[in-house]
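Examining the three-dimensional arrangement
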Amino acid sequence: MSTAEAAETAEAREPSDRIKFSSPRQIPIVGVVTEDEEVQGAFKSMDLNRVIKLFEETGDLMKIPNSELRIQICKCIIDFYHAEPPKKHITGYQQASSSYKIKMAEVGGLAKTMVQSLELLENQLVEKLWVLKALQHLSTSEVNCTLMVKAQAASGICAHLNDPDPSGQLLFRSSEILWNLLEKSSKEEIIQQLSNLKCLLALKEVFKNLFIRGVSHYDRQLRNDILVITTIISQNPGAPMIESGFTRDLILFATFNEVKSQNPLVKGVKVSNSYEDFELKKLLFNIIVILCKDLSTIQLLIDGKIILALFTYVKKPEKHKILEWSAAQYEELQLHAIATLSSVAPFLIDEYMFYTGNARVLEFLTWCDSEDSFFSHGNSFHGAGGRGNKFAQMRYSLRLLRAMVYLENDTINKDLCEKGAIQQLIGIFKNTISKYNDKEEAILLEIQSDILLILSGLCEYHIPRKEMFGTGGVDIILHVMKTDPKKLQSGLGYNILLYSTLDSIWCCILGCYPSEDYFLEKEGIFLLLDLLALNQKKFCNLILGIMVEFCDNPKTAAHVNAWRGKKDQTAASLLIKLWRKEEKELGVKRDKYGKIVDTKKPLFTSFQEEQKIIPLPANCPTVAVMDVAENIRAKIYAVLGKLDFENLPGLSAEDFVTLCIIHRYLDFKIGEIWNEIYEEIKLEKLRPVTTDKKILESITAASENIGKMVVSLQSEMIESQARQDVQNEQKVYAKIQATHKQRELANKSWENFLARTSNAKTLKKAKRLQEKAIESSRYGERPPNAIFHRTDIKGLNATVPSGGVVTVESTPARLVGGPLADTDIALKKLPIRGGALQRVKAVKTVDEPKKSEPT
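Residues numbered from 1 in each chain as written. Predicted model: local features only at pLDDT ≥ 70, side-chain atom pairs only at ≥ 80, totals over all residues. Heavy atoms only, no water.

Observations regarding the environment of Asn-541
With respect to the secondary-structure elements, Asn-541 resides in helix H29 (residues 537-550). The sequence separation of Asn-541 and Ile-636 amounts to 95 residues, and the corresponding C-alpha distance is 9.5 Å. In contact with Asn-541, not counting residues within four places along its chain, are Ala-629, Ile-632 and Lys-635. A polar atom in the side chain of Asn-541 sits 2.9 Å from the side chain of Lys-635. (Helix = DSSP H or I, 4+ residues; strand = E, 2+ residues; numbered from the N terminus. Contact = heavy atoms within 4.5 Å. Polar contact = N/O pair within 3.5 Å; in protein donor to acceptor, adjacent residues only side chain to side chain.)

This is how it looks when you write it as structure tokens:
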């Protein structure tokens, strides 16, 4: 409906259907009726579609060029959100609630119509302010915000931020609407609408005016709000921040307090220590971090001397110096500045080196590690964990160093090493160990992790630097490796610290033989294997990679073979167990004994089975090649290969079955790759020449034959083990039978003994049998000159047969007395002459000294 048609329609309506205005403060009533009409049934049931259509037409009425009408419509909309109770209640009817009106306004698309009406009010300030006030209320709803975004509300409102307005309401209400749109609708869509030159120029002028001329608390708050909106827009790389000149001004405003500038924009501008100005400083640091990601901004950052400005905070606090910030504010700005340097400095390497960045940071770290008295407030986000100490400053300084070292710039890293960074960092690490406490545990772990990462970056590929790392560096690595494994699940950062430690072994120890030998001497390999035995997949790959490299040292094998884990597990058994677990996770086909199932594809994973072979360019790795890098089987093969597959201790039959596959891993993998080549040739419908075809077929057949040979060997091992198990079982049974037989004999002997002791006839019979046995064992004829020895003791009154006692006539006992003659033990021995036990008198020896007589 056009404006003219709307006007004619309004004129043509009956008086009772028109919108009447008596005063600006009255609420318009649609369809006013008298009391008589009420009695006659003028009120009808509510039709929802008519209500929605009413709201749609009410919005269209904004197109009528009538100032009073437009203002009254805006007041009606605002009153939806500030409804007053009705003055008069009509019996049988209830006034529509505010929530109902708001809901109908949403359904009717009123917000979209109000946004569109702004285009008609460019030169009518009063009406525009009323519309903005209405939109401010409407924008509290997500539905309305979505409708406003579709009507390009963000760009339309932002472009007119700097329009003349003595009251200041336009800027305030516009910024409030923009905030609501960002919070309650698509943030990406809003950023796209605001990322144009017209909007950024308006934002730039508004911010500049508020920064230079704003003096009130309200002005400073509004200035900060505009800066936050600008920060959000600057996240879009396509936003013309540089073209609008906004970037140059923001850099100037961020640095003019630290780097004196002659720019007239900041002449006479003072920054106080008020909360709003403090927040402004942090917001400027924050937007610098975002702007530096655009390489076009680099030259502007150089011109603005941003590195020098930020480095003014990287120094120990000077005593008795008057600061424009409080101690807590300065500490927070200091930490924020160092964090900003970590993002900006890697883009400005020349500036960083020109202002001796390494020397400044190392000097600041020296202060952080010193015992100087310093009370840190630790109230800010960056100061977390650093209350009452200098850990927060140390953490962000190390982050800055880490960012610079990871650039792998030879100039920076060489300068650090020349300034003694390696030894200084090792010393700081050792001091953090002595300062350890549970309260600052998380921040200390982060500091230690960063130190190890920095050392790794400095020492990698440089043997002289690895030598500088030396035994002191190895000691701190060993200290971390001895950490209680339970702490790895604490969530405090022990996992990250262990990753950093393993990385340091790789970069700082491997390749430097003195460090390797010291690591082995201090049982470092044992600690590595202990970590590997934890069976945590996230560490296995890295540990095995280190093991492969360490095995190049001839001294390593002895340490690996000497290691014992739980239940006396050996390193070889552990590696084979990891192989089986990996194959199970990869879905490799094996039977219940661990044997190969498919001799054509002995290493195939479930992913390889599902993935069809497709022709690839020569420079693209195939699935079979990628499989080598994506799991730990190749590393296990390499470690066991360097240990020699023969004479591996502590292996079970199952381990030997798996070892057969591991031993042939390389052969199987080569055959797998050749099979892929052959299949790709078929898919590309290429026909190799006869010779090549025969070679491919022979290679494929050879690989399959190796698989069959391994299966045969595995079967032999399993059968041999089965036989061995049977033999072991038979031995156990034989042992059990012997035990039972022995028990039976013992029982029978005991029964015979009882019979002899309880029955004289049985005893005599036993005696006769014994004598008969003795007689049968003697020679038939006695040799001449033979001496006869009796085997029984005369006069012995016993109920058991006598033992094998022989009386030997020798040197008379009265002459020698015997070795035990002078003790009571002699009573327990049979006398040499035979007969009953008796005491033998001691013989006094000639050499025995006389005992002194007591006085």
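That shown, we press on.
What about the nonpolar core?
Counting 196 residues, the largest nonpolar core has Met-114, Ile-505, Phe-519, Leu-528 and Leu-640 as its most contacted members. Ranked by residues supplied to this core, first place goes to helix H24 (residues 441-459) with 10 residues. Setting aside chain neighbours within four positions, we find Leu-528 in contact with Met-481, Leu-502, Ile-505, Phe-519, Ile-543, Ile-546 and Met-547. (Core = buried A, V, L, I, M, F, W, Y, C linked by side-chain atoms within 4.5 Å. Buried < 20%, exposed > 50% of the residue type's maximum accessible area, 1.4 Å probe, protein only.)

Observations regarding unusual backbone geometry
Here Asn-647, not a glycine, exhibits a phi torsion of approximately 60°, which is positive. Mapped onto the secondary structure, Asn-647 falls in the loop between helix H34 (633-643) and helix H35 (653-663).

Here's the deal with empty space enclosed by the protein
As enumerated under the stated definition, the model contains 4 cavities of 30 Å³ or more in all. Looking at the largest cavity, its volume works out to about 70 Å³. Looking at the largest cavity, the residues that line it are Val-480, Met-481, Thr-483, Pro-485, Leu-488, Tyr-494, Leu-497, Leu-498, Leu-531 and Leu-534. When residues of the lining of the largest cavity are traced back to their parent elements, those giving at least two are helix H25 (463-481) and helix H26 (494-509). Per-element accounting of the lining of the largest cavity gives the leading share, 3 residues, to H26. Taken as a whole, the second largest cavity holds about 60 Å³ of empty space. Around the second largest cavity, the lining residues are Asn-535, Lys-537, Cys-540, Leu-578, Lys-581, Glu-582, Glu-585 and Ile-632. (1 Å grid on protein atoms, 1.4 Å probe; cavity = no way out; pocket = protein on both sides within 12 Å on 5 of 7 lines; lining within 4 Å. Points joined across faces, edges and corners; volume = space filled by probe spheres on them.)

Remarks on a positive patch on the surface
Among the surface-exposed residues, Lys-761, Lys-764, Lys-765 and Arg-768 lie close enough to one another that they form a single positively charged patch. Summarising the element assignment, Lys-765 is placed in helix H38 (residues 760-777). (Patch = residues over 30% accessible without salt bridge, like charges linked within 9 Å, V, L, I, M, F, W, Y side chains within 5 Å. Areas by Shrake-Rupley, 256 points an atom, 1.4 Å probe, with all protein chains shown as cover. Salt bridge = Lys/Arg side-chain N within 4 Å of Asp/Glu carboxyl O. Lys, Arg positive; Asp, Glu negative; His and termini not counted. Charge placed at Lys NZ, Arg CZ, Asp CG, Glu CD.)

Some thoughts on the packing of aromatic side chains
Inspection of the entire model under this criterion finds 18 aromatic pairs. Judged by centre distance (5.9 Å) and plane angle (35°), the rings of Tyr-313 and Tyr-330 are tilted. On the criterion of sequence distance, the pair formed by Tyr-313 in the loop between helix H17 (306-311) and helix H18 (327-344) and Tyr-330 in helix H18 is long-range, its members being 17 residues apart. An identical accessibility class is assigned to Tyr-313 and Tyr-330; each is buried. Centre to centre, the rings of Tyr-637 and Phe-645 are 6.0 Å apart; their planes meet at 35°, and the pair counts as tilted. Among the aromatic residues, those joined into a ring-pair cluster are Phe-207, Phe-211, Phe-246, Phe-253 and Phe-256. Its guanidinium or amino end placed over the ring of Trp-367, Lys-390 lies 4.9 Å from that ring's centre, counting from NZ or CZ. (Phe/Tyr/Trp six-rings, centres within 6.5 Å; stacked < 30°, edge-to-face > 60°. Lys NZ or Arg CZ within 6 Å of the ring centre and 35° of its normal.)

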